[in-house]
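# Structure at a glance
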Amino acid sequence: MVVTAVALSAACGSATSPTLTTGLTGTVLRGPVTPVCTVNVPCQAPFSAGFTVDRSGMAVARFRSDSDGRFTVMVPPGTYRVIPEADAPLLAPASQAKVVTVQDAGLTTVTLEFDTGIR
C-alpha cells in the first residue's frame with residue numbers, strides 16, 4: 001500500500017487548481033536498528049511516520065509513510081526539505097531534514113535514510 005498525501009494549497013482564490021503530475025515517491029529507512037550490525041542481518045528498517053515537505057520555510061505538503069516505509073506525495077518541481085514529524089522513531093526527528101529535488105516530469109524516486117541514535 002502506498003500512502004499518498006494531499007499538497008497544501010499554495011494559492012487561494014481560484015475555483016479550480018491544476019492537478020499536480022510531479023512529486024516524490026520512495027521509502028523511508030531508519031538505522032541502525034541494532035547496536036551491532038552483522039552480515040546477513042539488516043541494519044536498517046522501513047518505518048511509518050509523518051513528514052512535512054518544506055520549501056523556503058513554508059510547509060507545502062504533508063505525508064505519512066506506510067508500515068513498509070513507502071510513500072508518495074505530489075508537489076511541483078523544485079528543491080524541498082523533507083522533515084520527520086515528532087512521531088518518527090528517530091533521534092531528534094526535526095533535526096534530520098533531508099534535501100530532495102523533484103524533477104520536471106513524473107515522480108522522483110528517493111530513499112530517505114534517518115538515524116535512530118542506536119550505538
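This text follows the structure it describes.
Below is a summary of the structure that appears in this document.

Rules and cut-offs
Residues numbered from 1 in each chain as written. Predicted model: local features only at pLDDT ≥ 70, side-chain atom pairs only at ≥ 80, totals over all residues. Heavy atoms only, no water. Core = buried A, V, L, I, M, F, W, Y, C linked by side-chain atoms within 4.5 Å. Buried < 20%, exposed > 50% of the residue type's maximum accessible area, 1.4 Å probe, protein only. Helix = DSSP H or I, 4+ residues; strand = E, 2+ residues; numbered from the N terminus. Contact = heavy atoms within 4.5 Å. Disulfide = S-S within 2.5 Å. Phe/Tyr/Trp six-rings, centres within 6.5 Å; stacked < 30°, edge-to-face > 60°. Lys NZ or Arg CZ within 6 Å of the ring centre and 35° of its normal.

## Examining the nonpolar core
One finds L24, F47, F51, F71, V73 and L112 to be the most contacted residues of the largest nonpolar core, which totals 20 residues. Sorting the residues of this core by element identifies strand 2 (23-31), strand 4 (50-55), strand 5 (58-64), strand 6 (70-74), strand 7 (78-84), strand 8 (98-102) and strand 9 (107-115) as the ones contributing at least two each. The dominant element in this core, judged by the number of residues it contributes, is strand 9, at three residues. Once you skip the residues sitting within four places of it in the chain, F51 turns out to touch V28, A61, R62, F63, S65, V82, I83, P84, E85 and F114.

## A closer look at the state of the cysteines
According to the stated counting rule, one finds one disulfide in the structure shown. Covalent S-S linkage joins C37 and C43, the inter-sulfur distance amounting to 1.5 Å. C37 gets classed as partly exposed once you look at its relative accessible area, which sits at 42%.

## What about the packing of aromatic side chains?
A full pass over the atoms with the stated rule returns five aromatic pairs. Residues F47 and F51 carry aromatic rings whose centres are separated by 6.0 Å and whose planes lie at 50° to one another, so their mutual orientation is tilted. Each of the two residues, F47 as well as F51, counts as buried. Centroid distance F51 to F114: 5.8 Å. Interplanar angle 35°. Geometry classified as tilted. You can see F51 sitting in strand 4 and its partner F114 sitting in strand 9, a full 63 residues away along the chain. With respect to class, F51 is no different from F114; both count as buried. These aromatic residues form a ring-pair network of at least three members: F47, F51, F63, F71 and F114. Just above the ring of Y80 sits the side chain of R55; from NZ or CZ to the centre is 5.0 Å.

Read these as layout, nothing more, since geometry by itself doesn't imply function.
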